Amino acid sequence: MNLPNLVKKLPEENSLDSRPRSYFNHSVEFKKVFTAEERAEVLEKAGLNVFFFPSEMITGCDLLSDSGTTTMTNEQWASLHLGDEAYGSNMGYFVLQEQVREVFGKEFFNDMASEAPNAFIFHQGRAGEGALFTSIGKLGTGLIIPSNGHFDTTQANIEANRIQALNLFSPELKDENSKSYFKGNMDIQRFKEALKKHPGKIPVVYLTVTNNTGGGQPVSMENIREVSELSHNNDIPLFLDACRFAENAWFIKNYEQGYKNKGIKEIVREMFSYADGFTISFKKDGLANMGGGIFLKSDGLFVKKYPRIPDELVNYQILREGNPSYGGMSGRDIMALATGLKTVTKEEYLDYRVKQVQEFGQGMQKFGLPVVMPIGGHAVYLDVSKFFDDTKLKPEDFGGISLVALLLAAYGHRACELGYFAFGSYDKETGKDKFPDVNFVRFAVPRLRYERQDLDSVAESVKMLYDSRDKIPGVKVVYGKDLPLRHFKARFEFKH
Ligand code: F0G
């Protein structure tokens, strides 16, 4: 018998429980060695705020963010050498143009010298958000921007321009019995009500794909289509916050009816066909360490309704970022980004990426830990309220802050509180805390960085803390309780 036929008689490689990764390590970095006592001492000096903790002392996994933390491929490292640092029209600009056209569609990147510039590079996502909402804020007063869930910097940039940010999370996000794979959707019912209630006051509608604030959950094509139709029927353009567009497309392919046989690229094109523009941080699905942008559809409703905004964006770039052809990025970073965009839509990459995050979350669930199910594309979200449900901790004890501090000090892993502290606020006048709907600790998984055993160790460490949860004290906020974006600045002490 010949070899191919003999191979056919064996179980398929797809049936293996342990499939190899779709890549191998190209260069590795050894970590420094620190003890729990050393980490604890430093973290205490840093006021228990894990953002202030030196990353070189992290002996476990750094899951603070999946943003800018991607391990680059050998092709990306090689492309850095091709970076052209010219002040005007560097080579990378044209390479990026080609890639953006290839991934999102030709209509999102006109030639720079055309009379209708519609692609604007920024050094990262929030710089683009700042530019866009500064322009939108000038359109009128009492404006409202609804979303399926604004990210914190997006919301802050909207509010900084005296626009109201309205979050219309799907009711399924809080429904444990819901079997939906698309809990990141916008609540259509509430969206319809908002459209009725605020005629003429909604300059643009936003959909964040995937929904980072809403448990990292994906948005279905059906929801994108429906929100687009409703927006357009009301003469309102639709924008995507597209940071994790490829991961979102993976979920559509794998869980939404009718998409199984479609390629990721085709699905991405369909997603963006419903939008009139998008803002993006390329630090996520650009697989880059730096980069962001605003892209407007050349014949879309946004440019038709607001013809002056593209020129305002160019002015903003020139005043604050640099020449529009590099927009605050170095030429080499543009090259790395353009090369990253080629990799991110590959199925072998995405399959491994999302499944790694899913397995990490399922591992936590098997330990009995209250994680948001199903697991999203870039992170595992632990429900802090449920974690401390049977203990004496109260919301104002900010158990999530205690949890991330202990996880870092005792076991060397860094996670991020995105809950009552990060999204809550404190009114100095009334002395009252305001708590948001969601109370999570997020474990964001950097792309191409960790292996299964690293993440297994995180799950096991959280389980140890869960078993000791009645011994975990709450924290007192010793600085910054009343500040905006307080989680980046505050300092804490354990209560007893
Ligand atoms: N939109 C979303 C959905 C994001 O997740 C982020 C960043 C931004 C916009 C802003 O982009 O960082 O390049 O300015 N999210 C990171 C995180 C910081 O940890 O989730 P940026």
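Reading the values: the criteria
Residues numbered from 1 in each chain as written. Predicted model: local features only at pLDDT ≥ 70, side-chain atom pairs only at ≥ 80, totals over all residues. Heavy atoms only, no water. Near = heavy atom within 4 Å. Polar contact = N/O pair within 3.5 Å; in protein donor to acceptor, adjacent residues only side chain to side chain. Areas by Shrake-Rupley, 256 points an atom, 1.4 Å probe, with all protein chains shown as cover. Disulfide = S-S within 2.5 Å. Domains from an automatic or database assignment. Buried area = accessible area lost by both parts, 1.4 Å probe. Salt bridge = Lys/Arg side-chain N within 4 Å of Asp/Glu carboxyl O. Helix = DSSP H or I, 4+ residues; strand = E, 2+ residues; numbered from the N terminus. Nonpolar A, V, L, I, M, F, W, Y, C, P; charged D, E, K, R; others polar. Buried < 20%, exposed > 50% of the residue type's maximum accessible area, 1.4 Å probe, protein only.

> Any chance you could explain the site of the ligand here in plain terms?
Lining the immediate environment of the ligand, one finds 18 residues, of which Ser65, Arg126, Asp241, Ser281 and Lys284 sit closest. Here glycine 125 contributes a backbone N or O atom positioned 2.8 Å from an oxygen atom of the ligand. Arginine 126 places a polar side-chain atom, nitrogen or oxygen, 2.6 Å from an oxygen atom of the ligand. Its free accessible area being 470 Å², the ligand has 94% of it covered by the protein chains.

> What exactly am I supposed to notice about the state of the cysteines here?
In the structure shown here, the tally under the stated rule is zero disulfides. Take cysteine 243: it sits in no disulfide, and the sulfur closest to it among the cysteines is that of cysteine 416, at 15 Å.

> Whenever I open this one, the domain arrangement of the chain confuses me. Can you help?
As a measure of interface size, the accessible area lost when the parts come together is often cited. Domain assignment breaks the chain into domain 1 (23–59 + 347–494) and domain 2 (75–343). Between the C-alpha centres of domain 1 and domain 2 the distance comes to 27 Å. The largest share of the area that domain 1 buries against domain 2 comes from Leu350, Pro374 and Arg447, three residues that together contribute 23% of it. On the surface where domain 1 and domain 2 come into contact, there are five salt bridges. Here glutamate 247 makes a salt bridge to arginine 447, at a shortest N to O gap of 3.1 Å. For the pair domain 1 and domain 2, the number of links is 16 residue pairs in polar contact (both at pLDDT 80 or more). Mapped by element, the contributors of at least two residues to the side of domain 1 that touches domain 2 are α14 (347–366) and β12 (440–444). For the side of domain 1 that touches domain 2, the leading source of residues is α14, giving eight residues. A breakdown of the residues in the side of domain 1 that touches domain 2 according to their chemical character gives 13 nonpolar, five polar and eight charged.

> Help me understand the environment of asparagine 25 in this model?
Tracing the chain through its elements places asparagine 25 in the loop between α1 (3–8) and α2 (36–45). The exposure class of asparagine 25 is partly exposed, given its relative accessible area of 36%. Separated by 190 residues in sequence, asparagine 25 and glycine 215 have C-alpha atoms that sit 30 Å apart. Polar contacts involving the side chain of asparagine 25 include one to the side chain of arginine 21, which spans 3.1 Å.

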